[in-house]
Amino acid sequence: MFAVHFIEKNNVLLTQLLNKLPTEGEELKIKGRKAKVSSVKRVDELNVHVLVTIEVVTKSKFVVDNSKKKKR
């Protein structure tokens, strides 16, 4: 068992006890967001730091139709 710390930009996102270590380039889902493993660093025999990059979600703005509003 390994204590795996998932880190993004010096922020610890998640810490888990895992039997299998993630590999570089592996796609993960952390807290419902897509992430990709960029590197894996072993701190000691039980602790592992996994650096991840989270996919940025862009929200689209909807267009408001002003022609249906009542004019004053």
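Residues numbered from 1 in each chain as written. Predicted model: local features only at pLDDT ≥ 70, side-chain atom pairs only at ≥ 80, totals over all residues. Heavy atoms only, no water.

**Student:** Would you mind showing me how to read unusual backbone geometry here?
**Tutor:** Keep in mind that most residues, glycine aside, have a negative phi and that most peptide bonds are trans. Even without a glycine there, the phi angle at Lys9 is positive, about 50 degrees. Checked against the element boundaries, Lys9 lands in the loop between β1 (2–8) and β2 (11–18). Residue Lys9 is classed as exposed on the basis of its relative accessible area, which comes to 72%. Even without a glycine there, the phi angle at Asn10 is positive, about 65 degrees. (Helix = DSSP H or I, 4+ residues; strand = E, 2+ residues; numbered from the N terminus. Buried < 20%, exposed > 50% of the residue type's maximum accessible area, 1.4 Å probe, protein only.)

**Student:** Quick question: what am I supposed to make of the environment of Leu28 here?
**Tutor:** As for its placement among the helices and strands, Leu28 is situated in strand β3 (residues 27–30). Residue classification places Leu28 among the buried positions, given a relative accessible area of 19%. For the pair Leu28 and Val52, spaced 24 residues apart in the sequence, the C-alpha separation amounts to 9.0 Å. Residues in contact with Leu28, not counting those within four places in the same chain, are Phe6, Arg33, Lys34, Ala35 and Val37. (Contact = heavy atoms within 4.5 Å.)

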